[in-house]
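# Commentary on secondary and tertiary structure
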Amino acid sequence: MFEKLASGFALFASWYNFLAIFFGMLLGVIVGAIPGMTGTMAVALALPFTFYMDPVTGMLLLIGIYKGSIYGGSISAILIKTPGTPAAACTVLDGYPMAKRGEANKALQIALYSSCIADFISNLSLIFFAGFFASFALRFGPPEFFTLMCFSLTVIAGVSGDSLLKGAISGCTGLLLATIGLDLVYGTDRFCFSSADLMGGLGFIPVLIGVFALPEIFKNIGESFDQSQKIFTASNENVTFPEFKRCFKSIIRGSLMGVVIGAIPGIGGAPNAFMSYGEAKRTSKFAHNFGKGEIEGVAAAEAGNNGCCGSTLIPLLALGVPGDVITAILLGALMIHGLTPGPVLFQKHISIVYALFMGIMLSSVMMFVAGKLCIRGFSKIAYIRKSILFPVVLVLCFYGAYAVNTSTFDILIMILMGILGYFMLCFDLPAAPFLIAFILGPMFEENMRRSLLLSKGTLGIFFRSPICWIFIFLTVLSIFFIIKRNIGFHKR
């Protein structure tokens, strides 16, 4: 074994690999911070450049871009209320209020610290528990996914603010809009109104930008901008040790949740970010401040989405099963270099696997370095006047909506979602439940219907395994705490 480790270190110990990780991470952070420029797009565009690289160097470049883009999405989420990636949607809830309060630098710092710690824990899980989590992920079928989605949807209550009814209305609206497009089982069209553009459903990025970013711009239309008026007060205040200590528990919990959820193919970082956020709010002494600029909320959200990064590679490397689009591209990259993921990879190319593991562990350090460099540059947004910043943000919104599918129809969807988001803002309907329901709705429906088809309509399939029972128990427990909390709130 020590011989294989030494061989792996020899493959890894090259300045090409160090540069590949660093520039991949830096590029990923910058791309992630630009609305509409997703990590998937960046990894896909970088793939051809790795064809003539050493396999370890090429893979570390792509992994660096992937991980950097997940963290980078938090930068625009905090500074301009426009998540750069879907996984950063939850960071908006407390990150942007902190920025408006003059604590943008502090929000960016805690997002970076949380991301690095979560990524490091996730990397450790990849190295030490790849076999265990891979076998665990294989046990998930449609019923297990459905009960997991049921538990995830209870997070809506945790981000509904003071009114559970308004949160439920917002969530139901998200579920309704998630049904637009072709039926997931039979392929019939729903709410398409004979439009071919609607058959694929509403694009997530246009909806995300429309609901979060445009209402803020609409709200400020008609205001007479003072030439010196800024969107928020600039401040160089840093995260204090007591604040970090207060967030540490939520960071570790969100990281561990991300490790488990990330190992399950098809879930992704966005649902886990909301789950981590909801759990942090439920257990925090400062729960009343969540959604108003609570630093622990930013930490929990970033730990949740970055905790998935390393563990998403577990089914890819151990089983050859990609968990999402990015890992599917990484699968293609491995095969282009003549490496077949799965048990054979660990048997025939263990030295390359060890070299990749060493690079992946180093990526957490490189994320910290790249993040520090980018924070210093992006935090200058605080000094830009509203009269300049809002038009620039509006241009980025249009570009982001168009860039994903190069479709003008997506721009129309973004505008309509912006109008909906503005009315939600006027009537004090929270946007977070809408987004959670919109993300989880298709997975909830698809796995419920697939389960019922497998069982020929028998509900007993949802109680077939211990995993189902665990998530049913957690769902019931979560509902119990929701009812208890709301009864206590109304008594006060």
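Residues numbered from 1 in each chain as written. Predicted model: local features only at pLDDT ≥ 70, side-chain atom pairs only at ≥ 80, totals over all residues. Heavy atoms only, no water.

### Details of unusual backbone geometry
- Despite not being glycine, Phe-191 shows a phi value in the positive range, around 55°.
- In this structure, Phe-191 sits in the loop between strand S2 (189-190) and helix H10 (204-212). (Helix = DSSP H or I, 4+ residues; strand = E, 2+ residues; numbered from the N terminus.)

### Re the nonpolar core
- Judged by nonpolar contacts, the single largest core of 84 residues is most densely connected at Val-43, Tyr-71, Ile-75 and Leu-330.
- Not counting residues within four places of it along the chain, the set of residues in contact with Val-43 comprises Leu-62, Ile-65, Tyr-66, Ile-326, Ile-329 and Leu-330.
- Formed by 38 residues, the second largest nonpolar core is a distinct cluster that contains Phe-140, Phe-145, Leu-153 and Met-275. (Core = buried A, V, L, I, M, F, W, Y, C linked by side-chain atoms within 4.5 Å. Buried < 20%, exposed > 50% of the residue type's maximum accessible area, 1.4 Å probe, protein only. Contact = heavy atoms within 4.5 Å.)

### Examining the pattern of salt bridges
- Taken as a whole and judged by the stated rule, the model has 12 salt bridges.
- Arg-449 is paired through a salt bridge with Asp-183; the nearest N and O atoms lie 2.7 Å apart. Of this pair, Arg-449 sits in helix H21 (residues 431-455) while Asp-183 is found in the loop between strand S1 (181-182) and S2, placing the two residues 266 residues apart along the sequence. The two residues Arg-449 and Asp-183 agree in class, both being buried.
- Across the salt bridge formed by Glu-445 and Arg-449, the nearest N and O atoms sit 3.1 Å from each other. (Salt bridge = Lys/Arg side-chain N within 4 Å of Asp/Glu carboxyl O.)

### Things to note about the side chain of Ser-115
- By the element assignment, Ser-115 lies in helix H6 (residues 104-138).
- One polar contact links Ser-115 to Asn-306, side chain to side chain, over a distance of 2.9 Å.
- Not counting residues within four places of it along the chain, the set of residues in contact with Ser-115 comprises Tyr-71, Glu-302, Asn-306 and Met-367. (Polar contact = N/O pair within 3.5 Å; in protein donor to acceptor, adjacent residues only side chain to side chain.)

### Digging into the packing of helix H13 (residues 269-283) against H21
- The contact between H13 and H21 brings their axes to 10 Å, and the two run at 135°. In terms of axis orientation, H13 runs oblique to H21. Crossing hand, H13 versus H21: left-handed. In this structure, H13 contributes Ala-270, Pro-271 and Phe-274 to the contact, and H21 contributes Ala-432, Leu-435, Ile-436, Ile-439, Leu-440 and Met-443.
- Residue composition of the contact of H13 with H21, by class: nine nonpolar, no polar and no charged. (Axes fitted to C-alpha atoms, helices over the stretch in contact; angles between N-to-C directions. Parallel < 35°, antiparallel > 145°, perpendicular 65-115°, else oblique. Left-handed = near helix turned anticlockwise from the far one by under 90°. Nonpolar A, V, L, I, M, F, W, Y, C, P; charged D, E, K, R; others polar.)

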